[in-house]
Amino acid sequence: MSNHDCGHFGKWIVDDYGLPAYEYTCNYEVDPAALTFTTQGGSRDHWHQFGNCRFNALAHNSGFVEVFENSRGPQWLTYRSVKQRALGGGIAVVAEDGDCWCDLFSQERFDKGYRRVFGMGYFRKVSEHNNLTLDHIVFTPVSDDPVVASEVTVKNESNRARTITLFNYWGINLHYVSESLIYTSGRRTEYGVSLINWAGRIYGFLRHLLLWDTERERTSFSKKFIYHTEYAPESGVLTLVPEHQGKKPPKQVPSSRNYYPKPLFLKLLNEKPTSAISSAKGLIDKRGNFKIEDSFVGVPKPVVKKSPCLCLGVKLTIPRKSSRTITFLFGYAEKNEIPKLISRYEEKNRMHPLSENVRDWKANTVKFRGGKDWISREAAWHSYYFKSSTLYDEYFENHLLPQGGAYVYLQGLHGGPRDFSLYAVPMTYLDPRLAREMLEYVLRWMRPSGELAYSGSGFGKLGGAVVHNRPSDHYLFILWAITEYVFATRDFNFLKRKVPFYPRENGLFSTVAERIKLSLNFLFEEIGFGEHGLLKVGDGDWNDGISTMVPNRSRFLKHGESVFNSAFALYVLPRVIDLFRERDPKFCKFLRKRFESLRRACLGSWNGRWFYRAWDGCGNPVGGRNLFLEPVPWLLLSKALPEKMAEKLLENVYEILDKPSPFGQYLVYPPLRTFLNYLEKGWDVNGGIWFAMNFLLTWAYGLYDPKKAWNSLLKNSMAHHANLYPNLWYGIWSGPDAYNADYAKRPGETYYHLPTPTTDFPVMNLNLHANFLTALIKLCGVEPEAEGLTIAPKLPFQNFSLKTPLIELKMKEYEIEGVYTPLYSGPFSLRVKKPVYWPHQIRCYINDELVKYDLADSIITVSLNVDKKFRFRVLHIAP
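For the structure given in this document, a descriptive report is provided here. None of the values given here were measured: they were computed from a predicted structure.

## Details of the nonpolar core
Working step 1: Core analysis: the biggest nonpolar cluster contains 282 residues, and Leu166 and Trp480 have the highest contact counts within it.
Working step 2: Ranked by residue count, the leading element in this core is helix 12 (residues 563-580), at 13 residues.
Working step 3: Those residues in contact with Leu166, other than ones at most four positions away along the chain, are Ala92, Val93, Val94, Leu134, Val152, Val154, Leu312, Gly313, Val314, Leu316, Ile326 and Phe328.
Working step 4: Counting residues in hydrophobic clusters, the runner-up holds 17 residues, among them Phe64, Val93, Ile277 and Ala280.

## Some details on unusual backbone geometry
Working step 1: With an omega of -5°, the peptide bond between Tyr502 and Pro503 qualifies as cis.
Working step 2: Checked against the element boundaries, Pro503 lands in the loop between strand 28 (498-500) and strand 29 (509-511).
Working step 3: In the segment running from Tyr669 into Pro670, the intervening peptide bond is cis, with an omega of -10°.
Working step 4: Residue Asn130 is not a glycine yet carries a positive backbone phi of 50°.
Working step 5: In this structure, Ser307 takes a positive phi of about 55° despite not being glycine.
Working step 6: If you trace the backbone, Ser307 turns up in the loop between strand 19 (303-304) and strand 20 (308-318).
Working step 7: On the accessibility criterion, Ser307 (12% relative accessible area) is buried.

## So, the packing of helix 5 (residues 373-387) against helix 19 (residues 766-779)
Working step 1: Running from N to C, helix 5 and helix 19 point in directions that differ by 125°, and their axes come no closer than 9 Å. Considering their axes alone, helix 5 and helix 19 lie oblique with respect to each other. When you trace helix 5 past helix 19, the crossing you get is left-handed. Here helix 5 contributes Ile375, Glu378, Ala379, His382, Ser383, Tyr385 and Phe386 to the contact with helix 19, which in turn contributes Leu766, Leu768, His769, Ala770, Phe772, Leu773 and Leu776.
Working step 2: Here the residues of the contact of helix 5 with helix 19 are counted per class, giving 10 nonpolar, 3 polar and 1 charged.

## As for the environment of Phe663
Working step 1: Structurally, Phe663 can be placed in the loop between helix 15 (643-658) and strand 34 (668-669).
Working step 2: On the basis of relative accessibility, which here comes to 4%, the residue Phe663 falls in the buried class.
Working step 3: Each C-alpha atom, one on Phe663 and one on Asp393, is 36 Å from the other, the two residues being 270 residues apart in sequence.
Working step 4: Beyond its immediate chain neighbours, meaning those up to four positions away, Phe663 contacts Ile689, Phe691, Lys715, Asn716, Ser717, His720, His721, Leu724 and Tyr739.

## Focus on the packing of aromatic side chains
Working step 1: One pass over the full model with this rule turns up 77 aromatic pairs.
Working step 2: A centroid spacing of 5.9 Å and a plane angle of 40° characterise the contact between Trp76 and Tyr409, whose relative ring orientation is tilted. In this pair, Trp76 is assigned in strand 6 (residues 75-76) and Tyr409 in helix 6 (residues 405-409), connecting sequence segments 333 residues apart. For the pair shown, Trp76 and Tyr409 are each scored as buried.

## Re the environment of Gly204
Working step 1: With respect to the helices and strands, Gly204 occurs in helix 2 (residues 194-209).
Working step 2: With 315 residues separating them along the chain, Gly204 and Ser519 place their C-alpha atoms 39 Å apart.
Working step 3: Each residue touching Gly204, except ones within four places of it in the same chain, is listed here: Thr184 and Tyr191.

## Details of a nonpolar patch on the surface
Working step 1: On the surface, a cluster of nonpolar side chains totalling about 700 Å² of accessible area is made up of Ile202, Tyr203, Phe205, Leu206, Leu209, Leu210 and Trp212.
Working step 2: Mapped onto the secondary structure, Ile202 falls in helix 2.
Working step 3: When its relative accessible area of 51% is taken as the criterion, Ile202 is described as exposed.

## Comments concerning the pattern of salt bridges
Working step 1: On inspection of all chains with the given rule, the structure shows 44 salt bridges.
Working step 2: Here Arg418 makes a salt bridge to Asp544, at a shortest N to O gap of 3.2 Å. Taken together, the residues Arg418 in helix 7 (residues 417-430) and Asp544 in the loop between helix 10 (512-527) and helix 11 (553-559) connect sequence positions 126 residues apart.
Working step 3: We classify Asp544 as partly exposed; its relative accessible area is 26%.

## Overview of the sheet that holds strand 20
Working step 1: Taken together, 5 strands build an open sheet; the order of strands is 8-7-13-20-18 and the sheet is antiparallel. Either end of the sheet is taken by a strand with one partner, and the two such strands are strand 8 (99-102) and strand 18 (275-279). Across the sheet, the axes of successive neighbouring strands diverge by a mean angle of 20°, strand direction being ignored.
Working step 2: Note that strand 13 (residues 162-171) and strand 20 share 10 bridges and pair antiparallel. Directly across from Arg162, in strand 20, lies its bridge partner Ile318.

## Things to note about helix 3 (residues 214-222)
Working step 1: Buried within helix 3 are the following residues: Thr214, Glu215, Arg218, Phe221 and Ser222. In an axial view of helix 3, the angular spread of the buried residues amounts to 125°, which keeps them on one side of the axis.
Working step 2: If you check the start of helix 3, you find a side-chain oxygen 3.1 Å away from the backbone N of Glu215, and it comes from Asp213.

## Things to note about the sheet that holds strand 45 (residues 854-856)
Strand pairs in the sheet, formed through backbone hydrogen bonds, run parallel or antiparallel to each other.
Working step 1: One open sheet accounts for 5 strands, arranged 37-38-42-46-45; its pairing is mixed. In the strand order of this sheet, the two ends are held by strand 37 (782-784) and strand 45, each with one partner. The mean angle between the axes of side-by-side strands here comes to 25°, regardless of whether they run parallel or antiparallel.
Working step 2: Here 8 bridges tie strand 42 (residues 826-833) to strand 46 (residues 859-866), and the two strands are oriented antiparallel to one another. If you follow Phe828 over to strand 46, its bridge partner there is Leu864.

## Let's talk about the pairing of strand 8
Working step 1: Across 4 bridges, strand 7 (residues 91-96) lies against strand 8 in antiparallel orientation. By the bridge assignment, Val94 is partnered in strand 8 with Trp101.
Working step 2: Turn length for the strand 7-strand 8 hairpin, with the two strands adjacent in sequence and antiparallel, is 2 residues, and the turn residue Asp97 shows positive phi of about 50°.

Conventions adopted
Residues numbered from 1 in each chain as written. Predicted model: local features only at pLDDT ≥ 70, side-chain atom pairs only at ≥ 80, totals over all residues. Heavy atoms only, no water. Core = buried A, V, L, I, M, F, W, Y, C linked by side-chain atoms within 4.5 Å. Buried < 20%, exposed > 50% of the residue type's maximum accessible area, 1.4 Å probe, protein only. Helix = DSSP H or I, 4+ residues; strand = E, 2+ residues; numbered from the N terminus. Contact = heavy atoms within 4.5 Å. Axes fitted to C-alpha atoms, helices over the stretch in contact; angles between N-to-C directions. Parallel < 35°, antiparallel > 145°, perpendicular 65-115°, else oblique. Left-handed = near helix turned anticlockwise from the far one by under 90°. Nonpolar A, V, L, I, M, F, W, Y, C, P; charged D, E, K, R; others polar. Phe/Tyr/Trp six-rings, centres within 6.5 Å; stacked < 30°, edge-to-face > 60°. Patch = residues over 30% accessible without salt bridge, like charges linked within 9 Å, V, L, I, M, F, W, Y side chains within 5 Å. Areas by Shrake-Rupley, 256 points an atom, 1.4 Å probe, with all protein chains shown as cover. Salt bridge = Lys/Arg side-chain N within 4 Å of Asp/Glu carboxyl O. Pairing = 2+ DSSP bridges. Arc of directions from axis to C-beta. Polar contact = N/O pair within 3.5 Å; in protein donor to acceptor, adjacent residues only side chain to side chain.

Any functional reading would require information that these geometric values do not contain.
So, in structure tokens, the structure goes:
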């Protein structure tokens with residue numbers, strides 16, 4: 001693997017489980033490169049995500065872990081606050097002969113070889129003190145269980161036996177991430193440029209002065225809980241049961257906060273604890289230092305009002321040159337569920353080291369070979385980050401893949417349906433069950449009128465984030481995702497699935513098929529069409545800032561038209577027609593007419609060089625002098641453009657948006673002057689680098705120029721960003737949804753504006769991870785259709801392999817083979833594009849049996865009845 005794509009902060013390795021991992025080697029306290037701009041001042045805090053289907057955990061470079069969950073809305077369980085004596089979790093503490101030390105970062109431990117490894121599903125810390133070594137792996141088992149395990153191996157490197165007390169500490173701080181449309185804190189000083197920045201500073205100052213800025217409100221709410229301690233010495237389970245002190249709404253009613261958090265517990269799996277501590281007051285001093293003596297025997301307080309914690313200690317005698325491994329289990333569950341959870345992991349831990357569970361990620365990643373060696377690592381890493389972000393929502397009774405980044409973890413906003421749909425597409429190939437849940441999750445946001453909310457927050461709360469009460473593109477995104485899922489998995493039964501409308505309390509349901517029609521009816525009738533025959537833009541059509549780029553915003557919101565929506569419809573409508581061809585011919589006839597009228601309207605927005613982005617509601621085009629990227633991929637993927645027009649469009653996109661940018665492609669160039677300079681030029685949607693659109697362009701490139709497509713994939717990779725900007729920590733192992741252009745202020749970094757300080761949480765945005773996978777799968781040629789599956793590779797080389805749980809492909813110069821595992825059996829058409837250098841006889845095999853095929857327009861077609869999993873091979877036989 002290349003040494004140039006690791007950034008300044010460490011190196012990529014292959015870990016003990018045979019998986020890619022990032023070894024973080026930076027002394028962040030003194031290294032100048034570690035200091036990163038945020039709107040709250042410089043920060044040296046860098047972190048990595050590990051998780052399962054319930055928890056997202058953040059492993060910080062200083063050694064602590066923060067656990068995040070979403071069952072009743074977004075909340076931190078172990079939010080770090082030294083002031084509250086809550087230091088995070090996953091911390092091992094050793095007490096011996098009056099000496100107390102822990103495995104958090106310190107200069108002394110760094111000098112002795114302190115190690116931090118960011119792995120798939122785990123965080124490993126190795127620290128040494130006085131001839132004792134702690135090898136500590138904190139990890140989330142690959143499961144749907146709300147637990148985190150700490151496996152601590154204590155190695156005695158000395159020539160004498162050592163008797164120590166080993167503690168495992170989790171500082172409990174229930175920090176609920178309530179909705180904040182404009183994120184403020186006492187330290188935030190940057191909100192944008194010129195007048196916007198001054199307005200933001202005044203607003204933030206006033207909120208802080210009045211004690212109701214974002215973080216103060218959240219801290220105030222967290223202090224309203226007391227914790228009842230339950231400890232059973234015979235079982236060694238320490239439990240904290242939170243109770244809110246004050247008024248609270250009924251449990252099942254949607255609310256802006258979680259008034260009913262579950263109990264938290266800690267269990268020592270393979271020993272009996274000798275100490276149990278539920279309050280950090282006698283454990284941690286005011287500066288955040290542990291102060292435990294080895295003779296200390298903790299007695300849990302029955303009720304804890306301040307600084308609650310879960311901390312278990314065990315006394316160990318370790319012979320010379322020997323080691324002991326101790327495993328702790330931290331969790332968050334209803335009381336009646338805790339014994340079952342613990343029993344499951346006690347049994348697993350008896351069978352083998354629990355950390356071996358990390359190997360299960362091998363079966364849950366996309367495997368690719370071809371082109372560049374490091375692409376294999378990046379594909380696996382993206383799929384890990386993608387799936388490990390999964391959370392659960394009890395109100396909607398679904399797992400979800402959150403957009404992440406500052407939107408979720410700072411602003412407390414889930415959204416929107418467009419992003420969820422973008423994630424369902426690649427998840428179809430990685431985990432079809434989860435993809436189906438994501439589709440249901442979006443549909444559960446729909447009201448009986450067909451209206452889809454823009455964002456969610458709290459427990460079961462939906463809204464429009466004030467300025468997005470009428471987004472227009474969500475319907476097209478969910479229709480694309482549904483057709484992709486159904487065609488790829490053959491799960492046509494999903495169309496019969498009954499899904500509740502929002503709010504669920506009303507008890508109204510419809511089938512998925514009915515939801516599809518309802519979505520199109522809302523799009524055509526409620527969003528509607530403008531004077532140029534294009535779909536209207538509403539108050540946003542993926543580009544949430546488009547309404548700041550026109551002279552008359554009110555006219556634009558009422559009458560503006562979207563070329564993006566209309567181009568997207570040219571791709572989506574034929575797929576819906578194929579889905580309903582036999583189910584509702586009349587409906588399909590109606591959609592064909594809509595398709596033709598939209599095609600004419602889109603072609604009418606061609607200016608001879610590119611397509612306009614929109615019409616402003618006053619009769620003027622948006623994008624006459626500025627080339628916008630957003631409509632381009634869908635116009636190309638729809639194959640609705642005349643050949644010469646498509647070639648001219650591609651030429652200009654490459655020369656203006658692609659070639660000049662060292663990383664990715666510009667969203668628009670030249671950038672525009674926005675209302676009150678709200679969007680800095682080259683930032684955000686005003687010319688920034690956006691993965692959601694760039695990876696769609698990568699896929700579209702493949703139809704016309706495979707070399708450009710492959711180069712675009714590489715150009716938008718994390719490895720390439722790390723090579724260009726090695727002194728920026730984010731972008732190496734995760735990143736935001738967008739970066740600043742090379743010509744802008746703070747090139748290669750991410751943006752901030754009045755509502756959203758993306759710079760303050762610049763990683764864990766799934767638009768980076770999910771859309772890379774979509775582009776890669778599509779360039780490998782995977783195209784599901786109503787009748788079956790087409791394999792038409794769009795890569796500039798012949799030899800490659802792709803393996804996902806749904807489909808496997810192996811391409812050689814004269815052989816194409818694969819394995820397909822649809823969810824349901826039935827009639828199926830397998831279509832394979834014949835390479836141009838295969839002029840002679842061809843043979844096709846299904847499950848090693850020679851079968852007949854048809855050949856037309858270089859497409860080899862095999863018709864069969866699928867009985868779920870089957871293998872196929874297509875061979876070129878030279879004379």
